[in-house]
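# Structural features, examined
The chain contents come next:
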Amino acid sequence: MDKKVIIAIVLAAIIVVGVASAALLLSKEDKGGTVKYLAMAPKDMKAALTTDQVDAYIAWEPYVSDSVVGRVGEVLVWTEDIMPNHPCCVLVLRTEFLSGTNGLELAQRFVKAHIEATKWMNDALADKESQNYTKLVDMAVGFTSRNASVIKAAFEHLEYRYEMGSSFDSALEQFTDMYIDLNMTTSAKLGDRGYTSVADFVDRYVNESFLEAAGGIAPSATILNPGSPIKLGYLLGDLHQMAQVVAQSSTATGTGKSFLETYGLEVEDAVGAPFASGGAEMDGFSAGTVDIGYLGAPPSILKHLNGGTGTTIIAQANIEGSGLVVAADSGINSLRDLVNKTVAVPGPPAETSIQFLLLKIELERQGLEFVVKT
Amino acid sequence: MGGNAVTTSIAISSLSKVFRKEKKIITALSGFELEVREGEFVCLLGPSGCGKTTVLRIVAGLEEKTSGTVKLQGREITSSGSDRGMVFQEFALFPWRTVRKNIEFGLEVKAVPEEKRAVISKKYIDLVGLHGFEDSHPRELSGGMKQRVGIARALANNPKVLLMDEPFGSLDAQTRNLMQKELLRIWSATGKTILFVTHSVDEAVFLADRIVVMTARPGKVREIIPVDLPRPRERTSREFIGVRGKVLAELDEEFEKARAKELSHD
Amino acid sequence: MAGIVRSAYQLVSSNWRKVALGLASTAVFLLIWWLYAAWLRADWPFHGTPSGAWEYVPYPLEVLDAFYLSFWSHPVSGLYMGEHIYASLKRFFMGFILAFALAVPVGLLMGRFWTADAAGKPIVELIRPIPPIAWIPIFLVLLGVIRGPIAIVFLGIFFPILLNVQFGARSVDPTLIDAARTLGARRLDIFLKVVLPFTVPYLMTGVTVGLGIGWMCIVAAEMLGAAGGGVGYFIFVTAGNSQFPYTYAGMLMIGILSILTTGVAGLVERRVSKWVGMR
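Quick look at the structure, then.

Rules used in this analysis
Residues numbered from 1 in each chain as written. Chains lettered and ligands numbered in written order. Predicted model: local features only at pLDDT ≥ 70, side-chain atom pairs only at ≥ 80, totals over all residues. Buried ≥ 20, exposed ≤ 12 C-beta atoms within 10 Å, placed from the backbone. Helix = DSSP H or I, 4+ residues; strand = E, 2+ residues; numbered from the N terminus. Pairing = 2+ DSSP bridges. Right-handed = clockwise from strand over helix to strand, strands pointing away. Core = buried A, V, L, I, M, F, W, Y, C linked by C-beta atoms within 7 Å. Contact = placed C-beta atoms within 7 Å. Nonpolar A, V, L, I, M, F, W, Y, C, P; charged D, E, K, R; others polar. Axes fitted to C-alpha atoms, helices over the stretch in contact; angles between N-to-C directions.

Residues in a regular strand point their side chains to alternate faces of the sheet. Residue and element names in this part refer to chain B. Most of strand β8 (residues 193-198) sits out of view: six of its six residues are buried. Here β8 shows two buried faces, one formed by T193, L195 and V197 and the other by I194, F196 and T198. Here strand β3 (residues 41-45) pairs with β8 via five bridges, running parallel. When the bridges of β8 are listed, L44 appears paired with V197. In this structure, strand β7 (residues 161-165) lies alongside β8, joined through five bridges in parallel fashion. Residue pairing in the sheet places D165 in a bridge with V197 of β8. In this fold, β7 hands off to helix α6 (residues 173-190), which returns the chain to β8; that crossover is right-handed.

Time to look at the sheet that holds strand β2 (residues 24-37) of chain B. Residues and elements named next belong to chain B. Taken together, four strands build an open sheet; the order of strands is β2-β1-β4-β5 and the sheet is antiparallel. The open sheet terminates on both sides in strands that have one partner only, identified here as β2 and β5 (75-76). Alignment of strand β1 (residues 8-21) against β2, held across 10 bridges, turns out to be antiparallel. Residue R20 lies in a different strand from β2, and its bridge partner there is I25.

What follows concerns the nonpolar core. Of all hydrophobic cores here, the largest spans 168 residues; its most connected members are Y57(A), V246(A), V343(A) and I161(C). For this core, the element with the highest residue contribution is helix α6 (residues 136-170) of chain C, accounting for 19 residues. Every residue in contact with V343(A), bar those within four places of it in the chain, is listed here: V35(A), Y37(A), V54(A), D55(A), A56(A), Y57(A), I58(A) and L338(A).

The next subject is the interface of chain B and chain C. Each side of the interface is counted separately: chain B has 23 residues, and chain C has 14 residues. Elements that contribute at least two residues to the side of chain B that touches chain C include exactly β6 (84-87) and α3 (105-109) of chain B. Of the residues in the side of chain B that touches chain C, the class split is 10 nonpolar, seven polar and six charged.

Moving on, we come to the sheet that holds strand β9 (residues 210-214) of chain B. Residues and elements named next belong to chain B. What the six strands build is an open sheet, ordered β6-β7-β8-β3-β9-β10; its pairing is mixed. The open sheet is flanked by β6 and β10 (221-226), the only strands paired with a single partner. Averaged over all neighbouring strand pairs, the angle between strand axes comes to 20 degrees, with direction disregarded. One ladder, built from four bridges, connects β3 with β9; its direction is parallel. Bridged to L44 within β9 is V212.

Right, let's talk about helix α9 (residues 231-240) of chain C for a bit. Residues and elements named next belong to chain C. The buried count for α9 comes to nine of 10 residues, which makes it a mostly enclosed element. Among all positions in α9, only V231, G232, Y233, F234, I235, F236, V237, T238 and G240 are buried. Trailing α9 by a residue or two, S242 shows a phi angle of about 55 degrees, which is positive.

Glancing now at the environment of Q166(C). With respect to the helices, strands and loops of the structure, Q166(C) is situated in helix α6. Sequence spacing of Q166(C) and F139(C) is 27 residues, and the spatial spacing of their C-alpha atoms is 27 Å.

Residue and element names in this part refer to chain B. Pairing between β1 and strand β4 (residues 67-72): five bridges, direction antiparallel. Each bridged residue has a counterpart across the sheet, and for I10 the counterpart in β4 is L72. Summarising the sheet, β4 and β5 pair through two bridges and their orientation is antiparallel. Following the sheet pairing, K71 is matched in β5 by E76.

With that out of the way, let us pick up the environment of G144(B). For G144(B), the location among the structural elements is in helix α5 (residues 143-155). C-alpha of G144(B) to C-alpha of R176(B): the two residues are 32 residues apart in sequence and 7.7 Å apart in space.

Shown next as C-alpha cells:
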C-alpha cells in the first residue's frame, strides 16, 4: 500500500476533524454557563435520577415527592419560589364543542362540577383529621399509584384554585412574552390568529363567562348528554388535576352520585388520555378527540398560537406544585451547580411545559443558558 | 542444451492422482513417470483431460498427489513455493498492482528490502521487454504484454524451474508466434528449466528439447519424442515437419481414445 | 485547492447542458411550490379565502430565510443549526465507524471460511431483513436518547457493508490465489495481499449504500427519540411548535448533508478503485 496515500488520508482526517471542532467552538458563544435538558416522561424521571442518567429533574407532583419521600432526592427549588402563585394547570375547552348540541350548557355544567370538586378538595385539605381528607388521599393514591405518604407530602406544596382574575391574566401575559423572547412563538403569530397584542390575546383567550355562569347552575336529575359523553383529557398521574378525579368519584358528594352526574353530565376519557404531556393533549384538541381537558397553561397557549388549535381557557385548576429535584447526596446546592449537568424536563416535546418555562426563566435570571443535551 | 553435468531437476515417479467427482471416482493420472534435466525445455502434450495441467499443478504444489514421488533437485515437494514459478493461461496478474508491483510481489513476500526489489524488478522488466510500462496497470496492457509480466513476475523470484500452463493459449496467432520467440530468448538468457504444457503440436515442436506425449485419461507417458533440431527452428523446414508428423501420429491415436471414452461415458 | 476549483469549473463547463437542465427543473419545482403556497394563502396571483392548512406550506423564500436564521440567530432548543448538525454527524460517524470496524473483519471471515459463514448465517439472515427503524423504540429505551440513534445507524450501515465484503471476499478469483501461492505467499500473505485488495471495491459499494441508509436511520431515530438534539430532532421540535419554515429548513439540511456524505463516499470510492486499478 502506497505510503503517500496513507499519509494523505490521515492528513485529510486530521483536517476534517480540526475544521469540525473549530466550527463547533466558534458557533458556541461563551456565556456564563450552560445547563442541559433532556425530555422524558415524568414517570421515568426518578429512575433516570437514581441511575445517573440525569443530574436533576423537574416535574409536577407527585413525581417530586416520589423521590423526596423515597429519600433518593431532595428539592432544590420549588416553582413557587421562582414565581409565587404562578398558574399551573387550567381547564381548557375546545371552542367547536360549543356548536354541538347543548354545547354551551354542557360546558357550563362541567365548570360547575369542577368548581364544586375543587371546593370539596380544599375543604378536605384544610382539615387533615376529616373523613374527606382520608377519602381524598385514597383517591389520589388510586389515581397516581403512589403510597399515602408521598401523596400527603405532595399535598403540602399544592393549592387547588378555580378562580382566574387579573393576576392570572398577567401571569399568562408574562408566559406569552417569555415564549416570544424564546423564539418559540412570534408576535407575527399573534397577528395571524387575529390578536392585536399579548394583552389582547390573553384577554380573549381566557373566558371568565363559565365561572360567572356557575352560580346559576342547578343540579340535574337526569343526564343531559346520554350516549354522547364529554371527551375528557388529562395528564398521567398529575396530582394537579385531581379535580377531575374527584368530580368523577361517587364517594365525594356523599349522595352516591359523582359531581358530574349530579349536574347531569356523562363523561369519558378522551382517546389518548391520560396524556404524557400538555403538548400531546393539545394535539388531541386539534384532532377533535378531546372536548374539555386539564393541562398546563403554557402548552395551551403555545399550541393555540403556533398551531391554531381552537381552544379557550375556561377555569383554573391549580397553582404551583412543581419542583426541581436533585439526587440526595449530589452536593448540588444551587442552580449554578447545575452548569454542564443535565436536567430532565417533561416531554417530549420538551419546551412546552410550564416546568420548563419557569426553570428557563430562573436560569436566565442567573445568566445561565438552557440548551438541549446532544 | 545439455550442460556439462547432467543433473536432474524434476523427478516424477509413479505419480497418480485420483479424485471423486460427485459420485464417480476419476483417475486423472496413473503411473506417470518423467525426469526433467536442469536447463531443459520439456513440453507436455496430450488430448484434453489427459492430466497434463494436473501434473504441472502437482509439481507447483497447488494440488496434492494421491501416490508416487515428485522431487525437485532431489528433495520431495510438499507444498507450493516460489522455487517453482508458474505462468498461467489467464495471466493471473493482480489488477490493482502496477506492472512493477506485480513483478515485485514474490519479493515483497520474502521481505526483500525496497531498493533491492527495485533493482531486481527493473532487470526483469527489461529482460521481457516492458521497459516504459513499469507503472501501467494490467488492464492497460495487451495480452502479449500481460504474459511478459507473468513471466517476469515468476522469474523475479529466481525459481529453480518455470512451470508454464498453456501460457499463450489466450493470444492471437501472431502474438503467439512472437511470444514463443520471446520465450526462447528469455530462456537462453536465464537458463531456467522449463516444463511447458500445451495443446499445440506446432508450439511444442518449435519450443521443446523433448516432447512428452501423454495418453488419454488416466494419464501417463505414452511416448517421449526428442527434438534435436538446432534453434532458431524453421516451422516450414522438412525436419520440423517430420518431427511434427511423428508427434501428430502419436497424438491422434490418443485423441481418438479420449473421444471414445467421452462418448461411452455420456 | 486551486486544482479542485479548476476541476469543478471544468466539470460544470463540460457538462453545461446537464447543469442547465438541472437548474431549469429546480426552478420549475420552486415555481410550483411557490404557486401552491400562494394558492393556499389566497395570495397573489390567487384570491379568495385562505385554506386552513396554509401554515403547512411555507413560501420557498421563508424556508431559505429560516434556514439562514437557524445558523446565527434562531436557536432551536437553545442550539443553533450548526450545533444540531454536529450532534447528528457525531452520532452518525460513531455508528459508521462501529459498523465498519465490525462488518469488514466479519465479512472477510464469512467470505473466506465456510465455518464462519455457517455460524454467522442464521443470525445475519434473521436480523438483516428487519428495518433498522423498527429497532428505534427498543434502543431508545435500552441505550437512551443520546446513544440509541448510534445503535440504529450502526444496524443500518452494518449489513450492507457485511454483505458486500463477504461477497467480494468470496469472489476472489482462485487463479489469483494460485498465482500468489506460486510466488511464495503463505496464508497470511494471501489474505493481506490478495483477498483484501480484491475486496476493496466491494467494500466501497457497501459503504456507499450503507451511508444512504444510515442517514435515514439517524433522522428517524432523532425524530422518534425527540430528545437528544440533532437535525431530526430539529425537524420534530419545530414541527411540534408549528414553526414550519424551520421544519422545511431542517429537511433541506438533511438533504444537503446526505448529498455531502454520499458524494464524499462516491469520490473516495472512485479514487480508491482507480488506485486499486479496478476501474
